[in-house]
Amino acid sequence: MDRRSEPNRSAIYATTLVAFLAIAGIAVVDPILPAIGDAIGVTAWQVELLFTAYIAVMALGMIPATLASGRFGFKPVLITGVSVVGLAAILASFSDNIVQLSVLRGVWGLGNAMFFATAMVVLVNLAVDREWVVGLFETALGLGFAVGPLIGGLLGEISWRLPFFVCGVFMVLALGVAARKLREPTNRQAPVRVGQIFATYRRPAFIALCVVTGTYNFVFFVVLGYTPLFLGLDIIPLGLAFTGWGLGLATGILVIGHRLAHRIGAVQTVGVAIAGLLVCMVLFATSTSTAEALVVLVLSGLCMGLANANLTDLALGLGSSDRRVATGAFNLVRWGAAAPAPIISGKLAEQSLSLPFWVGFGVLAVGVLVYLAFAHLMAAGYGERVLWSRWNRAAADAEHAAEEPVGETY
């Protein structure tokens, strides 16, 4: 398709730029976690508050942000979120203790909740070619996770405060772009009610997906939040290490994830991803050298990319037909399950450096078992079949009895 036929290209690119900066802001903290701990004299679990506060507030903020977008429109909520992130990041660079930093990271998470509750819906409503715009958004996320640690490592070598400040300045610049270029979608929808969001959890296939996603995201933030402390590297090497992880993630999202889904289905691709990540947890826990752990880090990023490339598609296909409702319900579980992972990992590390990975293995193993038991329901609701459904009569019945036909996932 000729991209010149996209009438809202400027608005689409502006939203995508903000998405890149928002994700880079999550990952920019990775290389400077040990430096922050040393500078302000806190333990591992206390420095992990920077992740837990961020993710917990982001999870709790998803529903009010979704409700606000229905009441006030997408653009005001999105711009408010960008403004909050920029202000919180700049103030964080002047913090003197872990309480101030954690509170500001929580405010940062609230701003990102406003953004992520609205960005994808804005994009798919502005674009003519939805497949192109979804790929563009995923590219921004993958590159954000790859570039964020590199920025954090290079700037953090000068001062741990500098990555926060520069990230805030970037968000202020993004705010200027967003204010000028973003457009409210023309097809204004009715406000969302809280009951609509929680009603989505009555769908068995959606519940199964949420359990799998919750256990996966817990492990995602064990890797993202705890591994920087586990590796014991200096700031720049740590930034490069997580840039490698981010490139693995981006490869899984952009190069392999959707191609594999087209061959074996999105549900089975997620199964491959969580099985691979389960193996990575064992390899992390039993690694005997930094080089070995670094290889596993990149491999885990690749597995996570496979999952991330398909989970949102599945959520929108199995959840409510209203994308705002499905996104709100899914993100509440996705981020809510991730929030405890960093701080739990920090406490467990006081007993054994490998223990967080073994606990992550146990949590994800629950998700794998739920996946094996209910993948046929998810596949049926999404218009796919899993391999073992050929011999599973119940799966075949569920496939024929699926209530909603499969349409566009975005």
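Residues numbered from 1 in each chain as written. Predicted model: local features only at pLDDT ≥ 70, side-chain atom pairs only at ≥ 80, totals over all residues. Heavy atoms only, no water.

For the chain, the name recorded in an unreviewed UniProt entry is MFS family permease, with Micromonospora luteifusca as its organism. Database annotation for the chain, UniProt heading Subcellular location (unreviewed entry): "Cell membrane". (UniProt positions renumbered as here; feature names shortened; annotations may be inferred.)

Caption draft 1: Looking closely at the overall build of the chain. Looking only at helices and strands, the chain features 18 helices and zero strands. Whereas a compact globule of 410 residues would reach a radius of gyration of roughly 22 Å, the chain reaches 20 Å, a difference of no more than 12%. Here the contacts in the chain between residues at least 6 apart in sequence split such that 84% fall between residues at least 24 apart. Approximately 15900 Å² of the chain is accessible, and the part contributed by carbon and sulfur atoms is 65%. Each charge class in the chain can be summarised by its mean position, and for the 24 positive and 22 negative side chains these summaries are 9 Å apart. (Helix = DSSP H or I, 4+ residues; strand = E, 2+ residues; numbered from the N terminus. Rg over C-alpha atoms; globule rule 2.2 N^0.38 Å. Contact = heavy atoms within 4.5 Å. Areas by Shrake-Rupley, 256 points an atom, 1.4 Å probe, with all protein chains shown as cover. Lys, Arg positive; Asp, Glu negative; His and termini not counted. Charge placed at Lys NZ, Arg CZ, Asp CG, Glu CD.)

Caption draft 2: Examining the state of the cysteines more closely. A complete count under the given rule lists zero disulfides for this structure. In this structure C303 is a free cysteine whose sulfur lies 4.5 Å from that of C280, the closest cysteine sulfur available. For C303, a relative accessible area of 8% gives the class buried. (Disulfide = S-S within 2.5 Å. Buried < 20%, exposed > 50% of the residue type's maximum accessible area, 1.4 Å probe, protein only.)

Caption draft 3: Seen up close, the packing of aromatic side chains. For the structure on display, the rule yields 15 aromatic pairs. Within the aromatic cluster, the residues linked to one another by ring pairs are Y216, F220, F221, F242, W245 and W335. If you follow R105 out to its NZ or CZ, it ends over the ring of W108, 4.6 Å from the centre. (Phe/Tyr/Trp six-rings, centres within 6.5 Å; stacked < 30°, edge-to-face > 60°. Lys NZ or Arg CZ within 6 Å of the ring centre and 35° of its normal.)

Caption draft 4: Region of the structure containing the pattern of salt bridges. Counted under the stated rule, the structure contains two salt bridges. Note that D96 and R161 form a salt bridge whose closest N and O atoms lie 3.8 Å from each other. Here D96, found in the loop between α5 (74-92) and α6 (98-116), pairs with R161, found in helix α9 (residues 161-181); they are 65 residues apart in sequence, far enough to count as distant. Judged by its relative accessible area of 53%, D96 is exposed. For R161, a relative accessible area of 26% puts it in the partly exposed group. (Salt bridge = Lys/Arg side-chain N within 4 Å of Asp/Glu carboxyl O.)

Caption draft 5: Quick look at a nonpolar patch on the surface. A cluster of nonpolar residues, F94, F165, V169, F170 and L173, forms a patch on the protein surface that exposes about 460 Å² of accessible area. Note on placement: F165 falls in helix α9. (Patch = residues over 30% accessible without salt bridge, like charges linked within 9 Å, V, L, I, M, F, W, Y side chains within 5 Å.)

Caption draft 6: Inspection of helix α17 (residues 355-382) at higher detail. Of all bends in α17, the biggest is about 60 degrees, found at F374. Following α17 by one or two positions, G383 has its phi on the positive side, about 80 degrees. (Bend = angle between axes of the 7 residues up to and from the residue.)

Caption draft 7: Region of the structure containing helix α1 (residues 9-27). Its 19 residues place the ends of α1 27 Å apart at the C-alpha level, agreeing with the 27 Å of an ideal helix rising 1.5 Å per residue. Along α1, 14 of the 19 residues are buried, which leaves the element largely enclosed by surrounding structure. (Expected span 1.5 Å × (residues − 1).)

Caption draft 8: Structural detail: the side chain of T213. Checked against the element boundaries, T213 lands in helix α11 (residues 204-231). On the accessibility criterion, T213 (1% relative accessible area) is buried. In contact with T213, other than residues within four places in its own chain, are L311, F330 and R334.

Caption draft 9: Main features of the packing of α11 against helix α13 (residues 266-286). Contact geometry of α11 with α13 gives a least axis separation of 11 Å together with a crossing angle of 35 degrees. The interaxial crossing formed by α11 with α13 has left-handed handedness. From α11, V212, Y216, V219, V223, T227 and F230 reach across to α13, where they touch V270, I274, L277, M281 and F284. Tallied by class, the residues present in the contact of α11 with α13 amount to 10 nonpolar, one polar and no charged. (Axes fitted to C-alpha atoms, helices over the stretch in contact; angles between N-to-C directions. Left-handed = near helix turned anticlockwise from the far one by under 90°. Nonpolar A, V, L, I, M, F, W, Y, C, P; charged D, E, K, R; others polar.)

Caption draft 10: Region of interest: the environment of L302. Tracing the backbone through its elements, the reader meets L302 in helix α14 (residues 290-318). Residue classification places L302 among the partly exposed positions, given a relative accessible area of 26%. Sequence spacing of L302 and A273 is 29 residues, and the spatial spacing of their C-alpha atoms is 8.4 Å. Contact partners of L302, with chain neighbours within four places excluded, come to G248, L249, T251, G252 and I256.

Caption draft 11: Local environment of the side chain of N308. One can find N308 in helix α14. Residue class for N308 comes out buried when judged on its relative accessible area of 17%. Aside from chain neighbours lying at most four places away, what touches N308 is Y216, F220, L249, I253 and R334.

Caption draft 12: Highlighting the environment of G25. By the element assignment, G25 lies in helix α1. Each C-alpha atom, one on G25 and one on G168, is 8.6 Å from the other, the two residues being 143 residues apart in sequence. Here G25 is in contact with R105, W108 and C167, once residues within four sequence places are set aside.

Caption draft 13: Highlighting the packing of helix α4 (residues 49-72) against α6. Here α4 crosses α6 at 35 degrees, and the two axes come no closer than 7 Å. The element α4 and its partner α6 pack so that their crossing is right-handed. The residues of α6 that touch α4, namely those facing L49, L50, F51, A53, Y54, V57, M58, G61, M62 and A65, are I98, L101, S102, R105, G106, W108, G109, L110, N112, A113, M114 and F116. Classifying every residue of the contact of α4 with α6 gives 16 nonpolar, five polar and one charged.

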